[in-house]
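Chain residues, written in single-letter form:
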Amino acid sequence: QVQLVESGGGLVQPGGSLRLSCAGYGFTLDYYDIGWFRQAPGKEREGVSCMASRASSTDYADSVKGRFTISGDNAKNTVYLQMNSLKPEDTAVYYCVARRVSVHYPGRRCPLSGYDYWGQGTQVTVSS
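Presented here is an overview of the structure given in this document.

Quick notes on the rules
- Residue numbering note: each chain is counted from 1, following its sequence as written.
- Owing to the predicted nature of the model, reporting of local features is limited to residues with pLDDT of at least 70; listing and counting of side-chain atom pairs is limited to 80 or more, with chain, interface and lining totals taken over all residues.
- As a rule here, side-chain values come from all non-hydrogen atoms in the structure, and water together with hydrogens is ignored.
- Only a pair of cysteine sulfur atoms within 2.5 Å qualifies as a disulfide here.
- Numbering of helices and strands runs from the N terminus; a helix is a DSSP stretch of H or I covering at least four residues, while a strand is a stretch of E covering at least two.
- Only protein chains enter the calculation, and the probe is 1.4 Å; a residue is then buried if its accessible area is under 20% of its type maximum, exposed if over 50%, and partly exposed in between.

**Section: the state of the cysteines**
Inference 1: Considering all chains together, one arrives at two disulfides under this definition.
Inference 2: The disulfide partner of cysteine 22 is cysteine 96, and the S-S distance across this bridge is 1.9 Å. Looking down the S-S bond of the cysteine 22 and cysteine 96 bridge, the torsion is -75 degrees, so its handedness is left-handed. Taken together, the residues span a long stretch of sequence, with cysteine 22 in strand 3 (residues 18-25) and cysteine 96 in strand 9 (residues 92-100) at a distance of 74 residues. With respect to burial, cysteine 22 and cysteine 96 carry one shared label: buried.
Inference 3: Each sulfur in the disulfide pair cysteine 50 and cysteine 110 lies 2.1 Å from the other.

As structure tokens, then:
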């Protein structure tokens, strides 16, 4: 069944970049919205970004707009999160998430909540 495996986290200085990967197993990107959430120390989990099935659209939390980019590779059934201009407040465990899409139409937008499947997370630490 559905399994999500994150990778790419690590330690980076402020202003640096990282690219996270989420490999999906037991499903295809055509039928699922994929997103990224994060949980920082002392904070609740936050929806960071999402990609609607069939690359219909993408969305981002205000805190990361202009710095993060979500993309997908259908051949590898993998979604990426490119993180640039990283700040200490970006420090968190980052989770890949997925939700089954029952209907699809052009221009449909993905939500930053309501995801059913979660990966185990990968740690991102931004520190000088």
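What follows continues from the structure just given.
**Observations concerning unusual backbone geometry**
Inference 1: The phi dihedral of asparagine 77 falls on the positive side, at around 50 degrees, and the residue is not glycine.
Inference 2: Mapped onto the elements of the fold, asparagine 77 is located in the loop between strand 7 (68-73) and strand 8 (78-83).
Inference 3: In this structure asparagine 77 comes out as buried when scored by relative accessible area, which is 13%.
Inference 4: Its identity is not glycine, yet serine 85 carries a phi of approximately 50 degrees, on the positive side.
Inference 5: Here serine 85 lies in the loop between strand 8 and strand 9.
Inference 6: The class for serine 85 is partly exposed, based on a relative accessible area of 40%.

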